[in-house]
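Working through the structure, step by step
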Amino acid sequence: MVRLSLTLVLLMIVAAPALAAEAEWPQFRGPDGQGHASAQGLPSSWSEHENIVWKAAIPGRGWSSPVIAGNDIWLTTAVESPITEAEKSKRLKGTTNNQPLTLAGTLSLRAICVDKRSGQITADVELLTEERPQPTHAMNSFASPTPVLADGKLFAHFGTHGTACLDTATRKVLWTNRELTINHENGAGSSPVLWQDRLIVHCDGSDAQYIAALNTATGQIAWKTERSGKMNDEPQLKKAYGTPLIMEVGGQTTVVSPAADWLYGYEPATGRELWKVPYGMLGFSIVPRPVAGHGFVYMSTSFMQPQLLAVKLDGPQPEIAWRFAKQMPNMCSPLLVGDELYAVSDKGIATCLDAHTGEVHWTERLPGNYAASPLMADGKIFISSRDGETTVLAPGKKLQKLGSGQLDSPILASPAAV
């Protein structure tokens, strides 16, 4: 399968000036985890025949974003074997999940390295196998969490199917861990984050809800903390797929962690819960990653009439300062640029809000449907659709379109730029 989400990433790379050593993309949504890149000289338009230097076909299927160091572009994928109808019926028997699902016979969960200069695959390493994988939503994949790249190691997480650490120089798997098991219902979605020697992951299923950290040297569980907030009695409404954000809150390094019905703050070294804030409404299957600035954390409650919440962090207890409920995203993370906050709904309604008050500056319908998170780079905002089209905007209180790019296949992974 050709992953055209990767094609867009490569387009951003080859159009930029020569890379500096520090210009890396180590995690989901970039160095700060909030969708900002330092890349310069990026194009405002492209097609299958314009501003494309090369394309690479990637084996298997996966919506994880790439992570980049030097000339190495790493991404994860799942190679699926077919499943018989009899086995499919057997696995779905008794499920209460009424979503459209994809099942596979077995999985080979892999890390792929692509050379930035040529598009050649330089490594294809099997990290884990799964003989009886959980089903995943038809819009999801078995390799959706984005890996983390740090200190010559790639940390790849596949939800309940396991976590692995790869030495990127030797291409050897250093450790695996398969202890963090839950029922995702729709497949894994939460990407891991790194803090010192802790690899922190969300585990919010229909059967169990917790956050955990693995020791980066050994893969052993360093801590595991159960979610403490009261949730809906319906198991399907307890799950979440969000990615945490590590930041300073009140002078303390904090894991800001969106889960079903609650936003939590944890101590990264120990997993101790520091605070929690109720959404004041149903919030489940959380997908967007929060962004932060101006003393706020901004997050979407995701499915079932999503709202964007601005959580004020000043004071003894974080609290919701304002909320916005019209055409907010189920899947796309918000983007904060200066004093403006941008959000894109799954159906393509883009909204620019005042980040301090929630006042609307503009609203515009973009073409197509959306799952990828927007990217800010080179003074431009790139918003990529599931239909393969990227709209390029100028940031600001007034809507200004700078161009667009069109590829032949869907974009489900969030793009990167270095």
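Residues numbered from 1 in each chain as written. Predicted model: local features only at pLDDT ≥ 70, side-chain atom pairs only at ≥ 80, totals over all residues. Heavy atoms only, no water.

So, the overall build of the chain
Where we set the bar: We count a stretch as a helix when DSSP gives it H or I for four or more residues in a row; a strand needs E for two or more, and each element gets its number in order from the N terminus. Exposure classes here rest on a 1.4 Å probe applied to the protein chains alone. A residue is buried below 20% of its type maximum, exposed above 50%, and partly exposed in between. Residues are treated as being in contact if the distance between any of their heavy atoms lies within 4.5 Å. Residue-level accessible areas treat just the shown protein chains as cover; the underlying method is Shrake-Rupley with a 1.4 Å probe. Neither His nor the chain ends contribute to the count of charged residues, in which Lys and Arg are positive and Asp and Glu negative. We put the charge of a Lys on NZ, of an Arg on CZ, of an Asp on CG and of a Glu on CD.
Each helix and strand in the chain was counted, giving 2 helices and 30 strands. Its C-alpha atoms give the chain principal-axis dimensions of about 55 × 50 × 40 Å. For the chain, the proportion of its 418 residues judged to be buried stands at 59%. Considering only contacts within the chain whose residues lie at least 6 apart along the sequence, 58% involve residues at least 24 apart. A total accessible area of about 15700 Å² is found for the chain, and carbon and sulfur atoms account for 49% of it. The chain carries 35 positive and 40 negative side-chain charges, and their two centres are separated by 3 Å.

Observations regarding the packing of aromatic side chains
For clarity, the threshold we go by: The aromatic pairing rule takes the rings of Phe, Tyr and Trp, using the six-membered ring of Trp, and pairs them if the centres are within 6.5 Å, calling planes under 30 degrees apart stacked, those over 60 edge-to-face and the rest tilted.
Inspection of the entire model under this criterion finds 6 aromatic pairs. Through pairs of rings, three or more aromatic residues link up here, namely Phe 296, Tyr 298 and Trp 322.

Quick word on the environment of Leu 237
Inspection of the secondary structure puts Leu 237 in the loop between strand E14 (221-226) and strand E15 (245-249). The spacing of Leu 237 and Thr 301 is 64 residues in sequence and 12 Å in space, taken between C-alpha atoms. Those residues within four positions of Leu 237 in sequence are excluded, and the remaining contacts are Asn 232, Ala 260, Leu 282 and Phe 284.

Considerations on the pairing of strand E26 (residues 360-365)
Short version of the rule: By the convention used here, strands pair only if DSSP detects at least 2 bridges between them.
Here strand E25 (residues 349-354) runs beside E26; their pairing, made up of 5 bridges, is antiparallel. By the bridge assignment, Ala 350 is partnered in E26 with Glu 364. Here E25 hands over to E26 after 5 residues, with Gly 358 in that stretch at a positive phi of 85°.

Points about the sheet that holds strand E4 (residues 107-115)
Keep this limit in mind: An axis is simply a line fitted to the C-alpha atoms; with a helix, the fit covers only the stretch in contact. Between two such axes, the angle follows the N-to-C directions and lies from 0 to 180 degrees.
Strand order in this open sheet of 4 strands is E1-E2-E4-E5, and the pairing throughout is antiparallel. With one partner strand each, in any of the chains shown, strand E1 (67-69) and strand E5 (121-130) form the two edges of the open sheet. For this sheet the average axis-to-axis angle between neighbouring strands, irrespective of direction, equals 25°. Sheet topology note: the strand E2 (residues 72-80)/E4 ladder contains 9 bridges and is antiparallel. Paired with Asp 72 across the bridge in E4 is Asp 115.

Structural notes on the sheet that holds strand E23 (residues 335-337)
Reading across the sheet, the 4 strands line up as E23-E24-E25-E26 and stay open at both edges, with antiparallel pairing between neighbours. Of all strands in the sheet, those with a lone pairing partner are E23 and E26, marking the two edges. Each neighbouring strand pair of the sheet contributes to a mean axis angle of 15°, computed without reference to strand direction. Sheet topology places strand E24 (residues 340-344) next to E25; 5 bridges connect them, and they run antiparallel. What sits directly across from Ala 343, in E25, is Thr 351.

Quick word on the pattern of salt bridges
For clarity, the cut-off: Salt bridges are counted wherever a side-chain nitrogen of Lys or Arg sits within 4 Å of a carboxyl oxygen of Asp or Glu.
Enumeration over the complete set of coordinates arrives at 16 salt bridges. Note that Arg 61 and Glu 80 form a salt bridge whose closest N and O atoms lie 2.9 Å from each other. Separated by 19 residues along the polypeptide, Arg 61 in the loop between helix H1 (4-14) and E1 and Glu 80 in strand E2 bring together distant segments of the chain. What makes Arg 61 buried here is its relative accessible area of 16%. Its relative accessible area of 28% is what places Glu 80 among the partly exposed residues. For Lys 312, the salt bridge is made with Asp 314, and the minimal N-O distance between the two is 3.6 Å. Taken together, the salt bridges that share partners define one network made up of Glu 87, Arg 91 and Arg 132.

Comments concerning the environment of Pro 334
Of note, Pro 334 is situated in the loop between strand E22 (319-324) and E23. Linking Pro 334 and Pro 288, residues 46 residues apart in sequence, is a C-alpha distance of 7.2 Å. Apart from the residues lying within four places of it in its own chain, the contact partners of Pro 334 are Arg 29, Pro 288, Arg 289, Val 291, Tyr 298, Leu 308, Leu 341 and Tyr 342.

Focus: the nonpolar core
The condition is simple: Residues grouped as a nonpolar core are buried Ala, Val, Leu, Ile, Met, Phe, Trp, Tyr and Cys residues, joined through side-chain atoms within 4.5 Å.
If you look at the biggest cluster of nonpolar residues, it comprises 22 residues, and the most contacted ones within it are Trp 25, Val 114, Leu 375, Ala 377, Phe 382 and Ala 417. When contributions to this core are tallied by element, the ones reaching two or more residues are E2, E4 and strand E27 (375-377).

So, the side chain of Gln 236
Relative to the elements of secondary structure, Gln 236 occurs in the loop between E14 and E15. Those residues in contact with Gln 236 that sit more than four places away from it in its chain are Thr 96, Asn 97, Glu 185 and Phe 284.

A short note on unusual backbone geometry
Here the phi dihedral of Glu 185 falls at roughly 75°; this positive angle occurs in a residue that is not glycine. Tracing the backbone through its elements, the reader meets Glu 185 in the loop between strand E10 (172-177) and strand E11 (193-195). Here the phi dihedral of Asp 261 falls at roughly 70°; this positive angle occurs in a residue that is not glycine. Mapped onto the elements, Asp 261 comes out in the loop between strand E16 (252-258) and strand E17 (262-266). Exposure remark for Asp 261: the relative accessible area of 10% places this residue in the buried category.

Here we look at the pairing of E14
Across 5 bridges, the pairing between strand E13 (residues 209-215) and E14 is antiparallel. Looking at E14, one finds that Ile 211 is bridged to Thr 225.

Description of the confidence of the model for the chain
The condition is simple: The predictor attaches a confidence to each residue, and that confidence, scored 0 to 100, is pLDDT.
Predicted confidence across the chain gives a mean pLDDT of 93, with 94% of residues reaching 70 or more. Residue range residues 1-11 is modelled with pLDDT below 50. Its contacts to residues more than four positions away, or to other chains, number 51 contacts.

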